[in-house]
Amino acid sequence: MTASYDKTISQAQSNETQNLVDAFNALDTDAKLAWFYLVYKKMGDSITPAAPAAAEPELAPLLLRDYFELSDEQQLDIMRDIVNRKDTEYSRAYGAIKENNQLLVWYAWAVAMGDKVVDVPASYEPTKAINDLVSQIEGLDFDEQISVFRTIAGEVGYTDVKPIETQAETGKTSSL
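All values derive from a computational prediction rather than experimental measurement.

Rules of the game
- Residues numbered from 1 in each chain as written.
- Predicted model: local features only at pLDDT ≥ 70, side-chain atom pairs only at ≥ 80, totals over all residues.
- Heavy atoms only, no water.
- Core = buried A, V, L, I, M, F, W, Y, C linked by side-chain atoms within 4.5 Å.
- Buried < 20%, exposed > 50% of the residue type's maximum accessible area, 1.4 Å probe, protein only.
- Helix = DSSP H or I, 4+ residues; strand = E, 2+ residues; numbered from the N terminus.
- Contact = heavy atoms within 4.5 Å.
- Expected span 1.5 Å × (residues − 1).
- Polar contact = N/O pair within 3.5 Å; in protein donor to acceptor, adjacent residues only side chain to side chain.
- 1 Å grid on protein atoms, 1.4 Å probe; cavity = no way out; pocket = protein on both sides within 12 Å on 5 of 7 lines; lining within 4 Å.
- Points joined across faces, edges and corners; volume = space filled by probe spheres on them.
- Nonpolar A, V, L, I, M, F, W, Y, C, P; charged D, E, K, R; others polar.
- Lys, Arg positive; Asp, Glu negative; His and termini not counted.
- Salt bridge = Lys/Arg side-chain N within 4 Å of Asp/Glu carboxyl O.

K.L.:
Explain the nonpolar core here, please?
P.N.:
The tendency in soluble globular proteins is for nonpolar side chains to be buried as a group. Formed by 49 residues in total, the largest nonpolar core has its most connected members in Trp35, Leu63, Met79, Trp106, Trp109 and Val117. Among the secondary structure elements, those contributing two or more residues to this core are α1 (15-26), α2 (29-47), α3 (61-64), α4 (72-83), α5 (89-95), α6 (99-112), α7 (128-138) and α8 (142-155). Among the elements that take part in this core, α2 stands out by supplying 10 residues, more than any other. Sequence-distant contacts of Trp109, defined by excluding residues within four places in its chain, comprise Leu63, Tyr67, Phe68, Ile78, Met79, Ile82 and Val117.

K.L.:
Looking at this structure, how should I read α4?
P.N.:
For the α-helix, the turn length of 3.6 residues means that residues three or four positions removed from each other point alike. Counted at 1.5 Å a residue, the expected span for α4 with its 12 residues is 16 Å, and the 17 Å between its end C-alpha atoms agrees. Looking one or two residues beyond α4, the residue adopting positive phi is Arg85, at roughly 60°.

K.L.:
Can you walk me through the environment of Arg80 in this structure?
P.N.:
Relative to the assigned elements, Arg80 resides in helix α4. In the structure, Arg80 is positioned 11 residues away from Ser91 in sequence and 9.3 Å away in space, judged by C-alpha atoms. Residues contacting Arg80, with those up to four places away along its chain left out, are Thr29, Asp30, Leu33 and Glu73. A distance of 2.8 Å separates the side chain of Arg80 from the side chain of Asp30, its partner in a polar contact.

K.L.:
I'm lost on the layout of surface pockets in this one. Help?
P.N.:
The probe, sized like a water molecule, is rolled over the atoms to show the empty space still left. Within this model, the largest pocket holds a volume of roughly 330 Å³. Lining the largest pocket are 15 residues, with Gly95, Ile97, Glu99, Gly154 and Thr159 positioned closest to its centre. Of all the secondary-structure elements, those providing two or more residues to the lining of the largest pocket are α6 and α8. Ranked by the residues each element gives to the lining of the largest pocket, the list is headed by α8, at 3 residues. Residues that form the lining of the largest pocket fall into these classes: 5 nonpolar, 6 polar and 4 charged. Size it by volume and the second largest pocket reaches roughly 220 Å³. What lines the second largest pocket is a set of 13 residues, among which Leu33, Leu76, Asp119, Val120 and Pro121 lie closest to the centre. Among the elements of the structure, α2 and α4 are those that each provide at least two residues to the lining of the second largest pocket. When residues of the lining of the second largest pocket are assigned to their parent elements, the largest contribution, 4 residues, is made by α2. For the lining of the second largest pocket, a count of residues per class yields 10 nonpolar, no polar and 3 charged.

K.L.:
Looking at this model, I keep getting lost on the side chain of Lys32. Mind explaining?
P.N.:
With respect to the helices, strands and loops of the structure, Lys32 is situated in helix α2. Although Lys32 lies buried, it forms no salt bridge, and the closest oppositely charged side chain, Glu155, sits 8.0 Å away as judged by the N-O distance. Contact partners of Lys32, with chain neighbours within four places excluded, come to Phe24, Asn25, Leu27 and Val83.

Now the structure itself:
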């Protein structure tokens, strides 16, 4: 299968994977959290181990240690803040780490759900939009799945770090 590419989207993404990211972004806050849970429940074993050497859990002690000691409501609030890109201590800690570590955070939280992390209510039924999105992602090849996961994980959380302007944007060449 050949993917068509549009120059307005990331080089790592096809139009199809960008459409999935857009569909995720159209979900409400709790639907996004449910999506993370369902994706990791169904596919988590293949997501995080994809780049085990690239993940550095010691870089996120606030998210991978302290977080587990909080109440269910505090944990849920933190997840919502991260998904909504709010400027909070935990959202900044999340936004400060690379995508592989962000994927590791969601994986660790998903694995601990119902034990050390607030669980999805037993009566919860995902919406058609969430189920459709999960099914579409399951239909992608592994590289496309990882591209979608990294993009989504990297777009949430808070950071005030701005990308460095490219030569094309500034019209200047880099100097040594």
